[in-house]
Amino acid sequence: MLAYDYPLLGVFWTITIFMMWVGWIFAVIWSFIDNFRRTDHHGFAKAIWALFIIFVPVLGVFAYIVSRPRSLAAA
């Protein structure tokens, strides 16, 4: 009975949206962890990045991931 009420593509769409949500949560948590572990900037810069990630989530995480250096060993 449930198979007729919830088609296969509906299940696929639900799983896809759920995995995208999990990926987003992972990206936000990773950004916070990476921000506070970095040694190349200090308190004020860390606070600004954290506020940017909290108050402008999509743009904040994207900007943080794009702007961070590739390797902290080189910095």
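Residues numbered from 1 in each chain as written. Predicted model: local features only at pLDDT ≥ 70, side-chain atom pairs only at ≥ 80, totals over all residues. Heavy atoms only, no water.

> Where do I start with the overall build of the chain in this structure?
Helix and strand counts for the chain stand at 4 helices and 0 strands. Sequence-ordered secondary structure for the chain, helices as α and strands as β, is α-α-α-α. In the chain, which comprises 75 residues, the share counted as buried stands at 19%. For the chain, restricting intrachain contacts to residue pairs at least 6 apart in sequence, the fraction spanning at least 24 positions comes to 49%. (Helix = DSSP H or I, 4+ residues; strand = E, 2+ residues; numbered from the N terminus. Buried < 20%, exposed > 50% of the residue type's maximum accessible area, 1.4 Å probe, protein only. Contact = heavy atoms within 4.5 Å.)

> Would you explain the side chain of Arg-38 in this entry?
Here Arg-38 lies in the loop between helix H2 (8–37) and helix H3 (43–55). Since its relative accessible area comes to 7%, Arg-38 is described here as buried. In this structure the side chain of Arg-38 is engaged in a polar contact, spanning 2.7 Å, whose partner is the side chain of Asp-40. (Polar contact = N/O pair within 3.5 Å; in protein donor to acceptor, adjacent residues only side chain to side chain.)

> What should I look at first to understand H2 in this one?
Side chains of residues three or four places apart in an α-helix project in the same direction, reflecting 3.6 residues per turn. For H2, which comprises 30 residues, the first-to-last C-alpha distance of 43 Å matches the rise-based estimate of 44 Å (1.5 Å per residue) to within 8%. Here H2 has its buried residues at Ala-27, Val-28, Ser-31, Asp-34 and Asn-35. Where H2 is buried, its residues meet H3 and helix H4 (57–67). (Expected span 1.5 Å × (residues − 1).)

> Help me out: how do you make sense of the nonpolar core in this one?
Here is a general trend for soluble globular proteins: nonpolar side chains tend to be buried in one another's company. Ala-27, Val-28, Trp-49, Ile-53, Val-61 and Tyr-64 form the largest nonpolar core, which has 6 residues in total. Those elements that provide at least two residues to this core are H2, H3 and H4. Apart from residues no more than four positions distant in its own chain, Val-28 is found in contact with Ile-53 and Val-61. (Core = buried A, V, L, I, M, F, W, Y, C linked by side-chain atoms within 4.5 Å.)

> I'm lost on a nonpolar patch on the surface in this one. Help?
On the surface, a nonpolar cluster with roughly 750 Å² of combined accessible area is contributed by Phe-44, Ile-48, Leu-51, Ile-54, Phe-55, Val-56 and Leu-59. Along the polypeptide, Val-56 turns up in the loop between H3 and H4. (Patch = residues over 30% accessible without salt bridge, like charges linked within 9 Å, V, L, I, M, F, W, Y side chains within 5 Å. Areas by Shrake-Rupley, 256 points an atom, 1.4 Å probe, with all protein chains shown as cover. Salt bridge = Lys/Arg side-chain N within 4 Å of Asp/Glu carboxyl O.)

> I'm lost on the packing of aromatic side chains in this one. Help?
For any two aromatic rings, the description comes down to two numbers: the centre-to-centre distance and the angle of the planes. Inspection of the entire model under this criterion finds 2 aromatic pairs. Between Trp-49 and Tyr-64, the ring centres sit 5.2 Å apart and the planes meet at 80°, which makes this aromatic pair edge-to-face. With Trp-49 in helix H3 and Tyr-64 in helix H4, the pair connects residues that are 15 residues apart, well separated along the chain. Of the two residues, Trp-49 and Tyr-64, neither departs from the other in class, the shared state being buried. (Phe/Tyr/Trp six-rings, centres within 6.5 Å; stacked < 30°, edge-to-face > 60°.)

> I keep staring at the side chain of Ser-31 and nothing clicks. Help me out?
If you trace the backbone, Ser-31 turns up in helix H2. Apart from residues no more than four positions distant in its own chain, Ser-31 is found in contact with Ile-53, Val-61, Tyr-64 and Ile-65.

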